[in-house]
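Here is how the chains run, residue by residue.
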Amino acid sequence: MILTELTFECFDNTTVSAVDRTINGLMDALRYNGQVLGREFPILMQEGQFQLRVVCPDEDALHPRFHSPQVKRALQQLADACLTQPKVRVLGRDLNSEQAAPSVSPTWQVLYTTFVHTCSPLRCGDTLLPIPLYRLPATFNGDHKAVIKWQTEWQACDELQMAGASDAEFAGLNEIGCPNTRLFQRGWDLRGRIEYLTGTPTYYYQYRVGGKDKESELHRPCPQCGEPWRLEAPLHDIFLFKCDRCRLVSNLSWDFKLA
C-alpha cells in the first residue's frame, strides 16, 4: 500500500466546521470507492492549509479516471467550503501493509478478510494479494460502499469472536461461519455480483472453528451442496476446502493442525 499526502488550500474566508464536513465527506466517498483505506483521517490545519495523510492501495489510486460519481460530487463541493482541489503527493510505500495485486486478470478471486486487515477484501486467487476495488466496475449505485460495509461488519464479528470475552463471541462466530446468516448471505451475494461484473470466478470465504474432531473436520462436506470439497493441499496455507459449484472456500477448523 502507498502512503499519500493530500493538501487543501483556502482561497477565501471559511469555517473549521465547513472544512471538516467537506473534507471528511470527500474521504468517505474515496473510502467507499476503495481509493483510500481505513476509517480515520486526522486533518492538520496549518497556515491556511489543511493536510492529511492516507493509505492508498496503489500509486495511481487517486487518479481521476477511477473516481466514482460520489467522489466527483464531493470534489465539486470543496469550493463551497472555499477549498482548492487537493494537491496529491505520493510519499512512498507503507511497510506495515500489503502490496496490491498486479493489474492483470486473475484466474479466480475470493472475498476474504480478517479484523486485522484494512486492505481490499477482494483477493487474487492466484497470489492472495488484495485487488483494489476501484479497478472494478461499480458494485452498486456507482461505487463499492456495499462491499466496504459488508467488510466492516465481518471484521467486527471476527474481532468479537477472537476476543472471546463475552457471549457476543458466539453471535459473531455464527455470523461469519454459518451459511444461513444474513451477513454470510449478503457476502455470498456480493461475490456473485462481482463475478458477474468482472467475468472472473469469485469465491466466498467461510470461517471455520470448532468441530468434533480432526477426522470429521477433514471429511466435512460443502455446507451448501453437501458434496466433497477437500483439496489435496491447502491453498495459500489457508484454504483446504474449495467448492467450484457453490463458489465457497474454507479452512480446516483452526482448532486442529493439518500436519
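Residues numbered from 1 in each chain as written. Predicted model: local features only at pLDDT ≥ 70, side-chain atom pairs only at ≥ 80, totals over all residues. Heavy atoms only, no water.

### Structural notes on unusual backbone geometry
Glycine aside, a negative phi is what most residues show, and trans is what most peptide bonds show. We apply this condition: Each helix is a run of H or I in the DSSP string that is no shorter than four residues. Each strand is a run of E no shorter than two, and both are numbered from the N terminus.
Notably, C82 is not glycine yet its phi reads approximately 60°, a positive angle. Tracing the backbone through its elements, the reader meets C82 in the loop between α2 (69-76) and β4 (87-93). The residue N141 is not glycine, and still its phi comes out positive at about 55°. Relative to the assigned elements, N141 resides in the loop between β6 (122-124) and α3 (145-163).

### Brief notes about the sheet that holds strand β1 (residues 2-9)
In plain terms, the rule: The criterion for strand pairing is that DSSP finds at least two bridges linking the strands in question. Axis geometry follows a simple rule: fit a line to the C-alpha atoms, using only the stretch in contact for helices, then measure angles between N-to-C directions, giving values from 0 to 180 degrees. What makes two residues a contact is simply this: any of their non-hydrogen atoms within 4.5 Å.
Strands sit in the order β2-β3-β1-β4 across an open sheet of 4 strands; the sheet is antiparallel. The open sheet is flanked by β2 (44-46) and β4, the only strands paired with a single partner. Pairs of neighbouring strands in the sheet enclose a mean axial angle of 25°, with direction left out of account. The pairing of β2 with strand β3 (residues 49-56) spans 3 bridges and is antiparallel. Looking at the pairing, Q46 lines up with Q49 of β3. Sitting on the sheet, helix α1 (residues 16-32) is in contact with β1, β2 and β3, with an inclination near 20° to β3.

### Focus on the packing of aromatic side chains
Under the convention used in this document: Paired rings are identified among Phe, Tyr and Trp, the last through its six-membered ring, by centres lying within 6.5 Å, and are further divided according to the angle between planes into stacked (under 30 degrees), edge-to-face (over 60) and tilted (the rest). Each residue is assigned to one of three classes by its accessible area relative to the maximum for its type, calculated with a 1.4 Å probe on protein chains only: buried under 20%, partly exposed between the two thresholds, exposed over 50%.
Under the counting rule described, the total for this entry stands at 11 aromatic pairs. Where Y112 meets Y205, the ring centres are 5.0 Å apart and the plane angle is 75°; that geometry is what we call edge-to-face. Placement of the pair is Y112 in the loop between β5 (109-111) and β6 and Y205 in strand β7 (residues 202-206), with a sequence separation of 93 residues. Y112 gets classed as buried once you look at its relative accessible area, which sits at 10%. Residue classification places Y205 among the buried residues on the basis of a relative accessible area of 2%. Where W154 meets Y207, the ring centres are 6.4 Å apart and the plane angle is 75°; that geometry is what we call edge-to-face. Pair noted here: W154 is in helix α3 and Y207 is in the loop between β7 and α6 (214-218), with a separation of 53 residues, a long-range link. Just as W154 is buried, Y207 falls in that class too.

### Regarding the nonpolar core
For clarity, the cut-off: To qualify as a nonpolar core, a set must consist of buried Ala, Val, Leu, Ile, Met, Phe, Trp, Tyr and Cys residues joined through side-chain atoms within 4.5 Å.
Core analysis: the biggest nonpolar cluster contains 38 residues, and V110, W154, Y205 and F239 have the highest contact counts within it. Apart from residues no more than four positions distant in its own chain, W154 is found in contact with T113, T114, I176, L183, Y204, Y205 and Y207. In this structure, A18, L30, A61 and F66 belong to the second largest nonpolar core, which totals 25 residues.

### Describing the confidence of the model for the protein chain
Heads up, the condition is: What pLDDT conveys is the predictor's confidence in a given residue, as a value from 0 to 100.
Looking at the protein chain, the pLDDT average stands at 93 and 100% of residues meet or exceed 70. Taken element by element, the protein chain is modelled with least confidence in β2, mean pLDDT 88, and with most confidence in β5, mean pLDDT 98.

### Points about the sheet that holds β5
Strand order in the open sheet made by the 6 strands is β6-β5-β7-β10-β9-β8, with mixed pairing throughout. Looking at the sheet topology across the chains shown, the edges are occupied by β6 and β8 (230-235). On average, adjacent strands in this sheet sit at an angle of 35° to one another, irrespective of strand direction. Pairing geometry for β7 and strand β10 (residues 248-250), over 3 bridges, is parallel. When the bridges of β10 are listed, Y204 appears paired with L248. Sheet strands touched by helix α5 (residues 182-198): β5, β6, β7 and β10. Its angle to β7, the strand with the most contacts, is close to 160°.

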